[in-house]
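Given next are the chains, with one letter for each unit.
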Amino acid sequence: MRAFAWWVGGLLLALAGANIHDPYMTPVKGWSLPLIAAAGLCGLLALRRPLRRPGVRRRTMLALLWLAVPLCTVGAEAVFQIRKAHVLAMQEPLAVGLGQHFIVGYRRVDEVEALAARGLIGGIFVSRHNLAGRTAEELRDEIGHLQEIRQRAGLPPLVVAADQEGGIVSRLSPWLPHRPAPAALAGLPSDERRAAARALGQAHGRDLQSIGVTVNLAPVLDLRRDRPPDPLDFHSLIAQRAISDDPDVVADVAAAYARGVTDGGVRPTAKHFPGLGRAQSDTHHFRAVIGESREVLEATDWLPFRRVLAGDPQTLLMVGHAIVAAIDPDRPASHSRLLIDGVIRRDWGFDGLIVTDDMVMTPVYQYGLCRAVVEALNAGVDLLLFALDGSQFYRAMACAIDAGKHGRLDQAMLTASDSRLQGSGQSGPMSRDLALVR
């Protein structure tokens with residue numbers, strides 16, 4: 001049993017070290033690298049003793065396994081640093097053109113200053129990580145500093161996104177006022193709830209504008225479903241965030257709220273298409289498939305999205321990572337061309353901005369981050385969000401650059417997306433001629 005524990009422990013630590021920069025390790029990022037490397041060295045030292053027969057070969061293999069722990073960890077860190085340096089050194093038009101499609105989260109401002117100055121990102125995501133031990137005014141000044149960097153570089157302003165839905169998802173509270181979610185208004189008479197939802201949206205918009213946020217990732221348009229609580233649903237929690245189980249009530253409240261956010265000077269975001277209310281699992285961690293027909297979805301879950309998007313042209317659409325089996329059984333909605341270009345763009349006629357849900361989620365990495373990034377851009381997604389762990393941007397950007405250089409990016413789709421970004425004020429007159437780099 002003791003030998004088994006040594007083998008299992010070594011294997012687990014080697015795997016953790018080799019994947020030190022994968023999103024699964026984000027919660028322990030920072031201190032895990034030295035800890036894993038040190039654990040490997042300590043294990044190796046503990047195994048040092050005269051290699052006597054029998055069992056010399058077995059102990060040698062076990063020692064090599066524990067030696068692999070620090071080597072894998074240091075190797076993974078080296079790969080990350082080389083990739084990061086390579087991306088930061090990029091100055092060609094292709095890199096700047098692709099950079100405008102990425103929104104990244106950060107913890108320290110120096111993590112994004114160079115990216116902002118060189119046009120390698122189009123926006124930032126702020127949350128309570130940026131406010132720990134600080135005030136809202138300090139975050140406002142920091143955002144202003146980044147926007148000044150952009151202005152001096154002759155680049156368009158950064159998109160500044162935040163998750164301030166109200167209720168349980170109020171990422172910038174209590175630094176900003178903690179307000180209720182739109183779901184709290186669903187039971188009011190129709191005229192009263194519309195007025196209250198618009199007032200709530202205006203309050204959220206003013207709160208966010210006061211610190212420099214330009215996009216609120218709200219309202220939630222997923223329908224509430226009557227099902228037993230899922231003990232493995234750690235983050236989606238749609239049952240607590242959804243406005244109602246009635247699509248007309250959701251559309252009514254969300255449309256008024258979205259107009260209010262716009263009144264407050266911030267752009268709202270309808271989320272999470274195709275409707276996580278039908279997802280059987282938490283898409284932060286697990287693959288989720290929606291099995292209903294398109295006809296059923298159009299009449300129920302998708303009705304609020306169509307109404308909200310039609311009612312306010314400033315509203316963005318967030319596409320989540322659930323699979324719609326009736327449309328595209330092979331990939332999540334966030335990078336499905338059949339859903340994004342087919343259903344949303346062509347059938348619905350929506351020509352506004354589309355943003356993905358956070359790409360730092362397990363379903364994306366299970367599918368393959370590089371494939372997902374390239375497919376999302378080719379599907380007509382305008383903004384790819386890397387909120388939880390902004391360092392994953394470097395891998396994603398390297399993938400996009402490589403795809404551009406080898407002709408795997410759809411020029412027509414990117415040109416159309418550039419036009420949408422420019423029309424929304426989120427992009428400058430940057431152009432991308434992929435033919436020059438093929």
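In case you missed it, the structure is sitting above this.
*Asks:* For this particular structure, what's the right way to read the overall build of the protein chain?
*Replies:* Within the protein chain, the secondary structure is distributed over 16 helices and twelve strands. Considering only residue pairs separated by 6 or more positions, the protein chain has 74% of its internal contacts joining residues 24 or more positions apart. Looking at the protein chain as shown, the accessible area adds up to about 18700 Å², and 58% of this sits on carbon and sulfur atoms.

*Asks:* When you look at the state of the cysteines in this model, what are you seeing that I'm missing?
*Replies:* By definition, a disulfide is the covalent link that joins the sulfur atoms of two cysteine residues. As enumerated under the stated definition, the model contains one disulfide in all. Paired by a disulfide, C370 and C399 hold their sulfur atoms 1.8 Å apart. Of this pair, C370 sits in helix α14 (residues 369-379) while C399 sits in helix α15 (residues 392-405); the two residues are 29 residues apart in sequence, bridging distant segments of the chain. Owing to a relative accessible area of 37%, C370 belongs among the partly exposed residues under this scheme.

*Asks:* Hey, could you run me through the sheet that holds strand β11 (residues 354-356) in this one?
*Replies:* The pairing of strands in a sheet happens through backbone hydrogen bonds and is either parallel or antiparallel. The three strands are arranged β7-β9-β11 in an open sheet whose pairing can be described as parallel. Edge positions in the sheet fall to β7 (269-273) and β11, since each has one partner strand and no second. With strand direction ignored, the average angle separating the axes of adjacent strands in the sheet is 25 degrees. With three bridges connecting them, β7 and strand β9 (residues 316-319) associate as parallel partners. The residue of β9 that forms the bridge with A270 is L317. Against the sheet, helix α11 (residues 303-311) contacts β7 and β9, and its axis sits at roughly 160 degrees relative to β7. Helix α12 (residues 337-347) contacts β7, β9 and β11 of the sheet and is inclined by roughly 150 degrees relative to β11.

*Asks:* For this particular structure, what's the right way to read helix α5 (residues 110-117)?
*Replies:* In an α-helix, one turn spans 3.6 residues; hence positions three or four apart end up facing the same way. Among the residues making up α5, those that are buried are V112, L115 and A116. Projected onto a plane normal to the axis of α5, the buried residues spread over an arc of 100 degrees and lie on a single side. Those residues of α5 hidden inside the fold are in contact with α3 (56-88), β1 (102-105), β2 (123-126), α6 (136-152) and α15.

*Asks:* Before we go on, may I ask you to explain the packing of aromatic side chains in this structure?
*Replies:* What describes a pair of aromatic rings is the distance from one ring centre to the other and the angle between the planes of the rings. Applying the stated criterion to the full structure yields nine aromatic pairs. When the centroid spacing of 6.0 Å and the interplanar angle of 40 degrees are considered together, the rings of F102 and F386 count as tilted. Taken together, the residues F102 in strand β1 and F386 in strand β12 (residues 384-386) connect sequence positions 284 residues apart. Judged by its relative accessible area of 0%, F102 is buried. Judged by centre distance (5.7 Å) and plane angle (90 degrees), the rings of F273 and F305 are edge-to-face. Here F273, found in strand β7, pairs with F305, found in helix α11; they are 32 residues apart in sequence, far enough to count as distant. Residues F273 and F305 agree in their burial class; the two are buried. Joined through ring pairs, the aromatic side chains of F80, F102, F386, F393 and Y394 make up one cluster. The ring of Y367 carries R371 above its face, with NZ or CZ at 4.1 Å from the centroid.

*Asks:* Hey, could you run me through the sheet that holds β12 in this one?
*Replies:* Strand order across the open sheet formed by five strands is β6-β3-β2-β1-β12, with parallel pairing between neighbours. Either end of the sheet is taken by a strand with one partner, and the two such strands are β6 (215-216) and β12. Pairing of β1 with β12 involves three bridges; the strand directions are parallel. Bridge pairing links V104 to F386 in β12. In the packing of α6 onto the sheet, the strands contacted are β2 and β3 (159-162), and the crossing angle to β2 comes to about 170 degrees.

What counts as what
Residues numbered from 1 in each chain as written. Predicted model: local features only at pLDDT ≥ 70, side-chain atom pairs only at ≥ 80, totals over all residues. Heavy atoms only, no water. Helix = DSSP H or I, 4+ residues; strand = E, 2+ residues; numbered from the N terminus. Contact = heavy atoms within 4.5 Å. Areas by Shrake-Rupley, 256 points an atom, 1.4 Å probe, with all protein chains shown as cover. Disulfide = S-S within 2.5 Å. Buried < 20%, exposed > 50% of the residue type's maximum accessible area, 1.4 Å probe, protein only. Pairing = 2+ DSSP bridges. Axes fitted to C-alpha atoms, helices over the stretch in contact; angles between N-to-C directions. Arc of directions from axis to C-beta. Phe/Tyr/Trp six-rings, centres within 6.5 Å; stacked < 30°, edge-to-face > 60°. Lys NZ or Arg CZ within 6 Å of the ring centre and 35° of its normal.

Treat this as a map of the structure, not an account of what it does.
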